Amino acid sequence: MESSSCIYKDPNSPIEARVKDLLSRMTLKEKVAQMTQIERSVATPHYLQDLGIGSVMNAGGSAPFPNAKSSDWADMVDWFQKLALQSRLGIPIIYGIDAVHGNNGVYGTTIFPHNVGLGATRDADLVRRIGVATALEVRACGIQYTFAPCVAVCRDPRWGRCYESYSEDTNIVREMASIVTGLQGQPPEGHPNGYPFLAGRNNVIACAKHFVGDGGTHKGLNEGDTILSYEDLERIHMAPYLDCISQGVGTIMVSYSSWNGRQLHAHHFLLTEVLKDKLGFKGFVISDWEALDRLSKPLGSNYRRCVSTAVNAGTDMVMVGQKHREFMKDLIFLAESGEIPMTRIDDAVERILRVKFVAGLFEYPFADRSLLDIVGCKLHRELAREAVRKSLVLLKNGKDPKKPLLPLDRSAKKILVAGTHADNLGYQCGGWTIAWNGMSGRITIGTTILDAIKEAIGEETEVIYEKIPSPDTLASQDFSFAIVAVGEDPYAEFTGDNSELAIPFNGADIISSVADKIPTLVILISGRPLVIEPWLLEKIDGLIAAWLPGTEGEGITDVIFGDYDFSGRLPVTWFRKVEQLPMNLRDNSEEPLFPLGFGLTCEAGNSFD
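Residues numbered from 1 in each chain as written. Predicted model: local features only at pLDDT ≥ 70, side-chain atom pairs only at ≥ 80, totals over all residues. Heavy atoms only, no water.

Our working definition: UniProt positions are given in the numbering used here, feature names are shortened, and annotations may be inferred rather than shown by experiment.
On record in UniProt, under Sequence similarities (unreviewed entry), the comment for the protein chain is "Belongs to the glycosyl hydrolase 3 family."

Right under this line is the structure:
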């Protein structure tokens, strides 16, 4: 360990002086280690204590053990940190996690609606408050860094990450960038634009992603090619990054995708000349998971060239996946040979150290255990419940406008609840929940739609629940109404790419069989618009787009039983058939099923459109 008289260890010294002092003491190997982010499963004492690795993260679904609670995560992260602090220079690690709708990878946390639902709220302050709550639940785990928010502008719902986008409308995405201030805190007046900011120990470093154009790829293909002029790329896809940078976002993640045939991880013009030089971003640029492998064909071949290309393009920290040994060896060789200039290495390490000093990691490297009681607390679940009810978009209310179905009568004698999604918390939460791809069933603590209905109805009301109602049940003549919840199974990234966008699990057939016999409210659980054939829409009495609401199903019953009116508006255009795609506001002359901004209310059947 170095002497305590070091400038970099003095919390009263200016951050830039601390960065300069620490950088001057580092060997090339230590600099390369700071640029390396490894998966927690390979975070051994050798890498943390001996080499002084810069960052640890966990891939989606990677956890200390199944159903590990926040305290278990804090134990793990603190152990990593203790090892890092025993390295020669005692540089703390920064631990990163994909907390993209709450601290969604950890059992028992509050899971908020995915971004597409939040875009439907149009409520920037709500999104900021969700950022505040998420930061607290992440910090309770001892984690200081989240790979969020995704500020992609999704222009095609065939994209498997559509639900990670707030909207197809750049202006809506820009408003929702307020979550950065929630996560990191509010920078003071006069804070230098582009300089990273963190208010304190209750906040986390954010990561705006994926730079840039990931939501505009041809045919919505994940990791595909965005074919646009620079002016349109800047206007549509780059604009939200200006808002994140102005709020002091600490890091920005590079997109897997390409722009006009050139991969972003190899794009010096966009990463260095635009992002760093023109926009003035002073935090660090991080790669996506194993993204460098994708810079060559076959995948992962000629890895040294991939490292050279990405780092010279402007990538500062590399999420290496399983190639940590090879990456460090190659980066050292490239720096020693001059293929990557030392000025580029030093720039990358300066940026990483700057964020660590801004985050207060040298002063407060360990978990604050007093935050554990706030994980999944009533206040946070009430906030998530508020977000759910504000995200719901009412698309149809009654076959006859003079005879609306909603609000439902909570004192009805007998009701039917059906559908694949009525009692499935995992489906309700979607991808990036506990596992990378999401899961089915009671995967964490929360309230399903069925749970919420049973809680909301009157004591005399009988609830019959059948996932797929039998002919005998449907033949009964005494149901007042039916609630049918159907939708998508969970997915993430490329597993969600979908060129058909039909309702899975024979959802249309379930809806049809029920609606033929009983007045029916359909609750569609999905990360994007799905095909709703005209014959099906005609059959049903009510239709709600509930998106992927998360753990708090009572937000749905708050609205359908009339305690609150609907206020959500479509964040995306709802197409009639996939042949119309891509279909965005003002970009397509064909008529959508429901336009961007559409949403009904129960009061007098008003529409926002």
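1. Here we look at the overall build of the protein chain
Threshold: Helix and strand assignments come from DSSP, with helices taken as H or I runs of at least 4 residues and strands as E runs of at least 2, each series counted from the N terminus. The reference for a compact globule is 2.2 Å times residues^0.38; the radius of gyration itself is calculated from the C-alpha atoms. Buried, partly exposed and exposed residues are distinguished by accessible area as a fraction of the type maximum, computed with a 1.4 Å probe on protein chains only: under 20%, between the cut-offs, and over 50%, respectively. The criterion used for residue contact is that any of the two residues' heavy atoms lie within 4.5 Å.
Regarding its fold elements, the protein chain presents 20 helices and 17 strands. Relative to the globule expectation of 25 Å for 609 residues, the C-alpha radius of gyration of the protein chain, 25 Å, shows essentially globular dimensions. C-alpha atoms of the protein chain, sized along the principal axes, occupy 80 × 50 × 45 Å. Here the protein chain, with 609 residues, has 64% of them falling under the buried criterion. Here the analysis covers contacts within the protein chain between residues at least 6 apart in sequence; of these, 76% occur between residues at least 24 apart.

2. Side note on helix H4 (residues 70-85)
As a reminder, the rule being used: By this rule, a helix spans an expected 1.5 Å times one less than how many residues it contains.
Helix length check: H4, at 16 residues, gives a terminal C-alpha distance of 22 Å against a target of 22 Å (1.5 Å per residue), a fit within 8%. For H4, every residue scored as buried is listed here: Ser70, Trp73, Ala74, Met76, Val77, Asp78, Phe80, Gln81, Leu83 and Ala84. On its buried face, H4 is in contact with helix H3 (45-50), strand S2 (55-57) and strand S3 (94-97).

3. Description of the domain arrangement of the protein chain
Note the following rule: Segmentation of the chain into domains, including their bounds, is taken from an automatic or database domain assignment. Note on terms: buried area is the combined drop in 1.4 Å-probe accessible area of two parts once they are placed together, counting the loss on both. For this document, the term salt bridge refers to a Lys or Arg side-chain nitrogen within 4 Å of an Asp or Glu carboxyl oxygen. Polar contacts, as used here, are pairs of N or O atoms within 3.5 Å; protein pairs need one atom able to donate a hydrogen and one able to accept it. Residues neighboring in sequence count only if both atoms are side-chain atoms. By the convention adopted, Pro, Cys, Tyr, Trp, Phe, Met, Ile, Leu, Val and Ala count as nonpolar, Lys, Arg, Asp and Glu as charged, and the other residues, Gly among them, as polar.
For the protein chain, the domain assignment lists domain 1 (28-369) and domain 2 (391-578). In this assembly, 39 residues from domain 1 lie in contact with 37 residues from domain 2. Here domain 1 and domain 2 share an interface that buries about 2900 Å² over both sides, 56% of which is from carbon and sulfur atoms. It is Ile111, Arg158 and Tyr163 in domain 1 that bury the most area against domain 2; as a group they hold 19% of the surface buried on that side. One can count 1 salt bridge joining domain 1 with domain 2. Of the charged contacts in the structure, one is a salt bridge between Glu493 and Arg161, with a shortest N-O distance of 3.4 Å. Inspection of the domain 1/domain 2 interface yields 24 residue pairs in polar contact (both at pLDDT 80 or more). Its residues assigned to classes, the side of domain 1 that touches domain 2 comprises 15 nonpolar, 17 polar and 7 charged.

4. Quick look at the sheet that holds strand S8 (residues 258-259)
Note the following rule: Here the rule is simple: two strands pair whenever DSSP picks up at least two bridges between them.
Ordered in space as S6-S8-S9, the 3 strands form an open sheet in which the pairing is mixed. The open sheet has two edge strands with one neighbour each: strand S6 (225-226) and strand S9 (262-263).

5. Here's the deal with helix H14 (residues 378-391)
Given a rise of 1.5 Å per residue, 14 residues ought to cover 20 Å, and the 20 Å separating the end C-alpha atoms of H14 matches this to within 8%. Burial analysis of H14 places 10 of its 14 residues in the buried class, the great majority of the element. Residues of H14 that are buried: His380, Arg381, Leu383, Ala384, Arg385, Glu386, Ala387, Val388, Arg389 and Ser391.

6. Some points on the packing of helix H11 (residues 303-313) against helix H12 (residues 324-337)
Basically, it comes down to this: Axis lines are fitted to C-alpha atoms, over the contacting stretch for helices. Their N-to-C directions set the angle, which ranges from 0 to 180 degrees. The cut-offs work like this: below 35 degrees is roughly parallel, past 145 is roughly antiparallel, 65 to 115 is roughly perpendicular, and the gaps in between are oblique. With the far helix as reference, a near helix turned anticlockwise by less than a right angle produces a left-handed crossing, and one turned clockwise produces a right-handed crossing.
Direction vectors running N to C along H11 and H12 enclose 65 degrees, while the axes themselves pass 9 Å from each other. Considering the angle they form, H11 stands roughly perpendicular to H12. Crossing of H11 against H12: the hand is right-handed. The residues of H12 that touch H11, namely those facing Tyr303, Arg304, Val307, Ser308 and Val311, are Glu326, Phe327, Asp330, Leu331, Phe333 and Leu334. Counted by class, the contact of H11 with H12 contains 7 nonpolar, 1 polar and 3 charged residues.

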